[in-house]
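# Close look at the chain arrangement
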Amino acid sequence: SLSTGLDLPGRFLFATLTLMTLIAILVFIEEAVYIYRKIPSSKRSIIIWINAAAPVISTTSCIGMWVPRSIMFTEFTAGIFFAIVIHKFLMMLIKECGGQKVLLRRFENGRFTISTGPCCCCCLCLPRVPITRQALFWLKLGTFQFAVFRPVLIFLSIVLWTNGNYVLYNSSPKGPELWINCFVGALTLLALWAVGIMFRKVRILLKCKNIIPKFALYQFIVILNHLQTTIINILATQKIIPCAPPLSSTARGSYIVQQLLIMEMFLITVISRAFYRRKYHDLEPPECVAEEPGDKNQTP
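Everything quoted here is computed from the prediction, not taken from an experiment. For every chain, the first residue of the written sequence is number 1, and numbering continues from 1 along that sequence. Residues qualify for local features only when their pLDDT is at least 70, as the model is predicted, and side-chain atom pairs are given and counted only at 80 or more; totals for whole chains, interfaces and linings, by contrast, use all residues. Side-chain numbers come from the whole structure's heavy atoms, not from hydrogens or water.

### Some words on empty space enclosed by the protein
- Method remark: on a 1 Å grid restricted to protein atoms, a set of points is classed as a cavity if a 1.4 Å probe fits but cannot get out and as a pocket if it is open with protein on both sides within 12 Å along at least five of seven lines; lining residues have an atom within 4 Å of a point. Grid points are joined across faces, edges and corners, and a volume is the space filled by probe spheres set on the points. Tallied over the entire structure, the rule returns one cavity of 30 Å³ or more.
- The calculated volume of the largest cavity comes to roughly 110 Å³.
- Taken together, 15 residues line the largest cavity, and the ones lying closest to its centre are Ile50, Leu217, Tyr218, Ile221 and Ser272.
- At the level of elements, α2 (41–66), α3 (71–96), α7 (211–237) and α8 (249–276) are the ones that each hand at least two residues to the lining of the largest cavity.
- In this classification, Asp, Glu, Lys and Arg are treated as charged, Ala, Val, Leu, Ile, Met, Phe, Trp, Tyr, Cys and Pro as nonpolar, and every other residue, Gly included, as polar. Taken together, the residues of the lining of the largest cavity sort by class into 11 nonpolar, three polar and one charged. Helix numbering and strand numbering both begin at the N terminus, where a helix is a DSSP run of H or I of at least 4 residues and a strand a DSSP run of E of at least 2.

### Observations concerning unusual backbone geometry
- In the Ramachandran plot, Asn210 falls in the positive-phi region, its phi being about 55° despite a non-glycine side chain.
- On the basis of relative accessibility, which here comes to 18%, the residue Asn210 falls in the buried class. Per-residue accessibility, obtained with a 1.4 Å probe over protein chains only, is compared with the maximum for each type, and a residue is labelled buried under 20%, exposed over 50%, and partly exposed between these values.

### Some remarks on the nonpolar core
- Only buried residues count toward a nonpolar core, which is a set of Ala, Val, Leu, Ile, Met, Phe, Trp, Tyr and Cys residues joined through side-chain atoms within 4.5 Å. Counting 68 residues, the largest nonpolar core has Phe89, Met198 and Tyr218 as the members making the most contacts within it.
- For this core, the leading source of residues is α3, giving 14 residues.
- The residues touching Tyr218, leaving out its near neighbours within four places in the chain, are Phe82, Ile86, Phe89, Leu192 and Val195.
- Among the nonpolar cores identified, the runner-up in size contains nine residues, and Met20, Ala24, Cys62 and Phe266 belong to it. By definition, residues are in contact when any of their heavy atoms lie within 4.5 Å.

### Looking at the UniProt feature "transmembrane region" (unreviewed entry) in the protein
- What UniProt calls "transmembrane region" (unreviewed entry) maps, in this numbering, to residues 12–34, 46–67, 73–94, 137–158, 178–199, 211–236 and 256–276.
- The span residues 46–67 shows a helical share of 95% and a strand share of 0%, and its end C-alpha atoms are spaced 31 Å apart.
- Along residues 256–276 the backbone is 100% helical and 0% strand, and the end-to-end C-alpha distance reaches 30 Å. UniProt positions are given in the numbering used here, feature names are shortened, and annotations may be inferred rather than shown by experiment.

### Thoughts on the layout of surface pockets
- Reported here for the largest pocket is a volume of approximately 1300 Å³.
- Looking at the largest pocket, it is lined by 49 residues, and the ones nearest its centre are Arg150, Asn225, His226, Thr229 and Thr230.
- Of all the secondary-structure elements, those providing two or more residues to the lining of the largest pocket are α2, α3, α5 (133–162), α6 (176–202), α7 and α8.
- A per-element tally of the lining of the largest pocket places α7 first, with 13 residues.
- The residue makeup of the lining of the largest pocket, split by class, is 24 nonpolar, 22 polar and three charged.

### Focus on the packing of aromatic side chains
- Stacked, tilted and edge-to-face are the three classes assigned to paired rings of Phe, Tyr and Trp, where Trp is represented by its six-membered ring and a pair needs centres within 6.5 Å; plane angles under 30 degrees give stacked, over 60 edge-to-face, the rest tilted. Evaluated as defined, the whole model comprises nine aromatic pairs.
- Relative to Tyr255, the ring of Phe14 lies with its centre 6.2 Å away and its plane at 50°, an arrangement referred to as tilted. Placement of the pair is Phe14 in helix α1 (residues 8–38) and Tyr255 in helix α8, with a sequence separation of 241 residues. Each member of the pair, Phe14 together with Tyr255, is buried.
- For the pair Trp49 and Phe81, a centre-to-centre distance of 5.0 Å together with 25° between the ring planes defines the contact as stacked. One end of the pair, Trp49, is in helix α2; the other, Phe81, is in helix α3, and 32 residues separate them in sequence.
- Connected via pairs of aromatic rings, a cluster forms that spans Phe89, Phe199, Phe215 and Tyr218.
- Only when the NZ of Lys or the CZ of Arg is both within 6 Å of the ring centre and within 35 degrees of the ring normal is a charge said to sit over the ring. The ring of Tyr36 has Arg44 sitting right over it, with the charged end atom 4.6 Å from the ring centre.
- Looking at Lys214, its charged tip hangs above the ring of Tyr276, at a distance of 4.8 Å from the centre.

### Things to note about a nonpolar patch on the surface
- Nonpolar side chains collect at one region of the surface, where Phe137, Trp138, Leu141, Phe144, Val148, Phe149 and Val152 lie side by side and expose about 670 Å² of accessible area between them.
- Mapped onto the elements, Phe144 comes out in helix α5.
- The partly exposed category is assigned to Phe144, whose relative accessible area is 43%. Note that patches include only residues with greater than 30% relative accessible area and no salt bridge, and the join distances are 9 Å for like charges and 5 Å for nonpolar side chains (Val, Leu, Ile, Met, Phe, Trp, Tyr). Per-residue and other accessible areas follow the Shrake-Rupley method at a 1.4 Å probe size, with only the shown protein chains counted as cover for residues. Throughout this description, the term salt bridge denotes a Lys or Arg side-chain nitrogen within 4 Å of a carboxyl oxygen of Asp or Glu.

### Focus: the packing of α3 against α5
- The interhelical angle for the contact between α3 and α5, taken along N-to-C directions, is 175°, at an axis separation of 9 Å. Taken together, the axes of α3 and α5 are roughly antiparallel relative to one another. Packed against α3, whose contacting residues are Met72, Phe73, Phe76, Gly79, Ile80, Ala83, Ile84, Ile86, His87, Leu90, Met91 and Ile94, the element α5 presents Leu139, Lys140, Thr143, Phe144, Phe146, Ala147, Arg150, Pro151, Ile154, Ser157, Ile158 and Trp161 at the interface.
- When the residues that make up the contact of α3 with α5 are grouped by side-chain class, the tally is 18 nonpolar, four polar and two charged. Only the contacting stretch of a helix is used when fitting its axis, a line to C-alpha atoms as for every element, and angles between N-to-C directions run 0 to 180 degrees. Each angle gets one of four labels, with under 35 degrees taken as roughly parallel, over 145 as roughly antiparallel, 65 to 115 as roughly perpendicular, and the rest as oblique.

### Side note on α7
- By this rule, a helix spans an expected 1.5 Å times one less than how many residues it contains. Taking 1.5 Å of rise per residue, 27 residues should cover 39 Å, and α7 covers 38 Å from first to last C-alpha, within 8% of that figure.
- Looking one or two residues beyond α7, the residue adopting positive phi is Lys239, at roughly 65°.

Structure, rendered in structure tokens:
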């Protein structure tokens, strides 16, 4: 019914977006084969997971575009996958420093700056936390909780949806969607805060491995997949995005989100290939590396 209801420009748009999704999948498969052959086994699976984020979101958006009734499952599948990717990105930062033991030696006298975004960027009075095994455990727990609890909340949402209690894009305080989304939002901020704390400490050390562009791509996925989607859905529910029969405002907003995500994730997939496909040299031993500008260098 969808294909018969499209005019010629609409069919051309759907075909073009589907082709972009297929190209993104092929680019990822080619990159995954390269990573499997060239990257050490300790980092291999983590890097493949991170690179799969954009193609997976593009694929779920394409399925939701062609099969509108599947939007509940496609959005939740992308949400579960990206929750795991956030944890994997934190683990990649630790692995790129040589692992947890080497990182603790490298920053033996260093401290984490916890007054960083998105939670505490304005709380400059917060103390700096010593870099210890316990501090690393809490950072990993901050992302791991998101990878565990978000699938649980998504499963609860699907159960309520099948029973008719959960309605997509219903922001009424009487419904469960608002409260589940608020809880998911709090867990998301906590996970992003943990990644931000770690990145702020290691960004200078890992600059030689292009960690800043990699972090920027990861941030773009977060912003586009969450903030952009939320804003467009709010505009649709408030009827600011007008309906276009036979599509209602919310249905049209959903189409806009999916089409934008396909194009954006295609670009991120291609750009990610350029940064993750390169071969980077291992870091020097901890005794020869400064922690941050202004820190004292340790002599061998």
